[in-house]
Amino acid sequence: MGLKEKKLSHIHKQLDKITQDMEQQAKRGSKIHEVEKGLFSSLLQLGLSLLCYYILLIKEIVAQAGVPEDSLGEKMQHKGGRSSPYLSVFGRIDIHRSKYYSPIEKTYYPVDKRLGLPKSSYSYLLSDWLSYGAVEMDFQQSVAQLEHILGHNLQAMQSSRRTYALSQQVDTFYEWGGVRQKAEETQPTSGLPPSSTHLSVGYDGKGVPIIRSETTRKQENTAVRLSKGQKRGVKKEATVSLSSEFTAKPRSAEQIIEALFSTTEAGSLPVGHDGDEKQSPDKEQHTWHENKHVRAFLSDKEKAVRYGMENLLHRDKTGHKPIIVLIDGDRALEKAVHKVVEQQGLQERVHGYVLDLIHVLEYVWKVANARWGENSPKRQAWVKQQVRLLLQSQTEQVLEHWQAIAEKQTLSKNQQYNLERGITYVKNHQHMMDYKTYLERGYPVTTGAVESACGHFVKSRMERNAMHWGKQGAQKMLDIRAVKKNGDWGEYMDDFINKEQQTLYGKAA
């Protein structure tokens, strides 16, 4: 009996054993979860045998083709054989294959090409599963989860290596600002809701813990928001870009106020500024961010801004939809936005630079504390009135009132400080606070979506307990994580495999 017949016979015996085991389990009255666990283990073993059988079949086909020829038609020299491990989801296989050589093609393994073996010893599917888990949890946890399922002995180091290797093609995959031309061309048009009327892009920053040996304060911006007890210089800012579309919906100032204060206890901040988009007054009964696309770039505000703008330009086939920029009070980020808008000649298309209303509210409450004291029952009514004026674009009236408080009321040092901060903030940003116009034109007035992205996209993976990153590793994780968050994982894996196969063997998989 030949090797092929032996392997096939072994496979049949395994399959017979599985069916016989099912019959015995039924007679014993085994619980279904016990049967399921044993069956899964048996199927993994069967899968490994079938994969080995497939490799044998490919070897036979390659052998029948004879000695390979190089690109000039010359027979290549046989240089013996070599065994290499192949780690599949079913288990490890040591693949022995013939090695050939020519001065033109150099080293060549015809079996490798016919099988489409990856560059790594890890199969594409195993790399896929490892990385898919690693973008949500730390590398050790992703390995432990897969070990628990498959029963294989894996290594956390390989999880990080495979994940970082997969990230290398993200920029190429998203070369059109994240807009996949293939998806656009094949997307059906019938039965779709009316097209959005506007484009929007929001930007915000989130600190990523960096190992101290890679922090260079002179060269990189360290002006990130620090957590309690966090020392300056150990975080670098990742600038998050979130581009989307929306249909304009005009609202009144009173509608916004009602949404802000309807469930608020007296004396508390109306909307928590923790990135929870659901708490935003822009969330009510309307989808403000359709077809969201997110990326983040470490210590490179201009790149993040440019990427977000390119995404909007490539997704808009009409070429004339108005663009709304949603931003917080970061002056450096605002400067980067204006620079990119000017470079790309988008001044006429950007119809609004909208300052996040929730950031403004934080300062209003600080001023309220200075004016009335933190325990005064008059605070909330006063805050509502100030917000109403701001939503009516009466910033000058608000500033005059606050300035009068500073001049006429006796304040503590801390109260004076908070009042002056509020005045300065509004003065510096009133060019982005024309809320009356924004509401009349139906624009969103908060950065809730990008704030949320900073939390679930950056913080939840990059700021785990005691976690610090190298700058390159941090950017690679942000890149591959964006693929998953944007819902592009399956398409990206296909694209990655095809490109690697082209590099290894000269043609797509």
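Structure first, text after, so check above.
A. How the structure looks around the packing of helix 1 (residues 3-28) against helix 2 (residues 32-64). Interhelical geometry of helix 1 versus helix 2 gives an angle of 165° and a closest axis separation of 10 Å. Between helix 1 and helix 2, the angle falls in the class roughly antiparallel. When the axes of helix 1 and helix 2 are compared, the crossing they make is left-handed. A breakdown of the residues in the contact of helix 1 with helix 2 according to their chemical character gives 15 nonpolar, six polar and three charged.

B. Examining the nonpolar core more closely. Counting residues in hydrophobic clusters, the biggest one holds 61 residues, and the most contacted among them are Val-325, Leu-391, Trp-402, Leu-419 and Tyr-435. Per-element tally for this core: the top contributor is helix 12 (residues 357-372), with 10 residues. Apart from the residues within four sequence positions on either side, Tyr-435 is in contact with Val-354, Leu-355, Asp-356, Leu-357, Val-360, Leu-390, Leu-391, Ser-393 and Val-445. Judged by nonpolar contacts, the second largest core, of 40 residues, contains Tyr-124, Ile-480, Ala-482 and Trp-489.

C. Up close: unusual backbone geometry. A positive phi angle, close to 55°, is found at Ser-299, a residue other than glycine. Here Ser-299 lies in the loop between strand 6 (290-298) and helix 10 (301-315).

D. Structural context of the pattern of salt bridges. With the rule as written, the count across this model stands at 19 salt bridges. The partner of Asp-94 in a salt bridge is Arg-92, and the shortest N-O contact between them spans 3.0 Å. Lys-301 serves as the salt-bridge partner of Glu-237, at 2.4 Å between the closest nitrogen and oxygen. A residue pair is termed long-range when its members are at least 10 positions apart, and Glu-237 in strand 5 (residues 235-246) and Lys-301 in helix 10 qualify at 64 residues. Lys-301 carries the same exposure label as Glu-237, and that label is buried. Through salt bridges that share partners, Glu-136, Arg-481, Lys-484 and Lys-485 make up one connected network.

E. Summary view of the sheet that holds strand 2 (residues 91-102). An order of 1-2-3 is seen for the three strands of this open sheet, with the pairing classed as antiparallel. Every other strand in the sheet has two partners, leaving strand 1 (77-88) and strand 3 (106-108) as the edge strands with one partner each. Strand-to-strand twist across the sheet, computed as the mean angle between neighbouring axes with direction ignored, equals 30°. Note: strand 2 against strand 3, three bridges, orientation antiparallel. Across the sheet, Tyr-100 pairs through a bridge with Tyr-108, a residue of strand 3.

How each quantity is defined
- Here, residues in each chain are numbered from 1, in the same order as that chain's written sequence.
- With pLDDT at 70 or above as the cut-off, local features in this predicted model cover only qualifying residues; side-chain atom pairs require 80 or more to be listed or tallied, and sums for whole chains, interfaces and linings still use all residues.
- Hydrogens and waters are ignored; side-chain quantities use all the structure's heavy atoms.
- Whenever a helix is involved, its axis is fitted only over the stretch in contact; in every case the axis is a line through C-alpha atoms, and angles between N-to-C directions fall within 0 to 180 degrees.
- Runs of H or I in DSSP of at least four residues are treated as helices and runs of E of at least two as strands, each being numbered from the N terminus.
- Our angle categories are set so that under 35 degrees counts as roughly parallel, over 145 as roughly antiparallel, 65 to 115 as roughly perpendicular, and the remainder as oblique.
- Here a crossing is taken to be left-handed if its near helix is turned anticlockwise relative to the far helix by less than a right angle, and right-handed if that turn runs clockwise.
- Each residue gets one of three labels, nonpolar for Ala, Val, Leu, Ile, Met, Phe, Trp, Tyr, Cys and Pro, charged for Asp, Glu, Lys and Arg, and polar for the others, Gly among them.
- What makes a nonpolar core is a set of buried Ala, Val, Leu, Ile, Met, Phe, Trp, Tyr and Cys residues whose side-chain atoms join them at distances within 4.5 Å.
- Whether a residue is buried, partly exposed or exposed follows from its accessible area with a 1.4 Å probe, protein chains only, as a fraction of its type maximum: under 20%, in between, or over 50%, in that order.
- Should any heavy atoms of two residues lie within 4.5 Å, those residues are considered in contact.
- When a carboxyl oxygen of Asp or Glu lies within 4 Å of a side-chain nitrogen of Lys or Arg, that pair is called a salt bridge.
- Strand pairing is defined by DSSP finding a minimum of two bridges between the two strands.

Function cannot be inferred from these measures alone, as they are strictly geometric.
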